[in-house]
Amino acid sequence: RARTAAETARAQAQLAQANLAQQEAMLAQVRTVQAFTRLSAPIDGVVSRRWLEPGATIAESGPLLTIVDLRSLKMTAEAPGVHPRDVRNGSRVQISTVEAPDEVIEGKIARVDSLKDVKKPTAQIEIHIDNRKGILRPGMATTAIVPLEQRKEVLLIPRSAVISADERAYVYKPISHRAMRQTVALGGQWDELVEIKDGVKEGESVIVDQLSLLKNGSPIRVSLAPAKSGR
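Residues numbered from 1 in each chain as written. Predicted model: local features only at pLDDT ≥ 70, side-chain atom pairs only at ≥ 80, totals over all residues. Heavy atoms only, no water.

Draft legend 1. Examining the confidence of the model for the protein more closely. For the protein, the average pLDDT comes to 84, and 93% of its residues sit at 70 or higher. No element of the protein has a lower mean pLDDT than strand β14 (residues 228-230), which averages 51, and none a higher one than strand β4 (residues 92-97), which averages 90. (pLDDT = per-residue confidence, 0-100. Helix = DSSP H or I, 4+ residues; strand = E, 2+ residues; numbered from the N terminus.)

Draft legend 2. Here's a closer look at the pairing of strand β5 (residues 105-114). Strand direction decides the pairing type here: β4 and β5, joined by four bridges, are antiparallel. For Val93, the partnering residue across the bridge sits in β5 and is Gly107. Relative to strand β6 (residues 122-130), β5 runs antiparallel, the two sharing seven bridges. Directly across from Val112, in β6, lies its bridge partner Ile125. (Pairing = 2+ DSSP bridges.)

Draft legend 3. Highlighting the sheet that holds β4. Spatially, β3-β6-β5-β4-β7 is the arrangement adopted by the five strands of the open sheet, whose pairing is antiparallel. Because the sheet does not close on itself, it has two edges, and the strands there are β3 (72-80) and β7 (142-145). Ignoring strand direction, the axes of neighbouring strands in this sheet form an average angle of 35 degrees. (Axes fitted to C-alpha atoms, helices over the stretch in contact; angles between N-to-C directions.)

Draft legend 4. Highlighting the packing of aromatic side chains. Under the criterion given, the structure shown has zero aromatic pairs. Here the guanidinium or amino end of Arg49 rests over the ring plane of Trp51, the centre of that ring lying 3.6 Å away. Lying over the aromatic face of Tyr170, Arg181 brings its terminal NZ or CZ to 4.3 Å of the ring centre. (Phe/Tyr/Trp six-rings, centres within 6.5 Å; stacked < 30°, edge-to-face > 60°. Lys NZ or Arg CZ within 6 Å of the ring centre and 35° of its normal.)

Draft legend 5. A look at the environment of Thr122. Relative to the helices and strands, Thr122 is located in strand β6. Judged by its relative accessible area of 5%, Thr122 falls in the buried class. The spatial distance from the C-alpha of Thr122 to the C-alpha of Ser176 is 41 Å, given a sequence separation of 54 residues. (Buried < 20%, exposed > 50% of the residue type's maximum accessible area, 1.4 Å probe, protein only.)

Shown next as structure tokens:
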């Protein structure tokens, strides 16, 4: 009887182990299936848009959520009455928001363009913002203080009047009905104008058209347009 009881106990133990193994296999299968219902984003961030409502049918490779990384932001602003040449790339910008009045966020000017089709000069400024502290959030209104350069009077000519060769810049001056090549030193560039630091004086004329047809000393017939100065 004792041996029979022992064999019965061993059989029950083996059955219990088999049942446990079966339950563990079923649990592993459930976890595997559950893993297919879980999505992992490639980056940490904030959900800025939900493309589907709960219960909607999901198309293969279709978007579900839009996630943005708020640690590095880009801000685009328009500055009416400001000429793009008065704003320097790389300048530091101070950014604030009424929702965090005691905080000042630092930004950097990455690009400056001239806004077209407007009555007065307007600079379109792109600012890159370091937001690793997480102060700025979607929907916030911000104010940016952009430093403007103080420029002395400079001589500007159309960019089309300048040619480059042998790592130098040249213009053609009309002298005695001939095109005479003149080496120039360039400064900054704004829109279609370029600053001339040396080689052309205010009041002198330069040729701005059909430069590819000219050689040093070529005979020419020109219509004069004085060089412009600006600030």
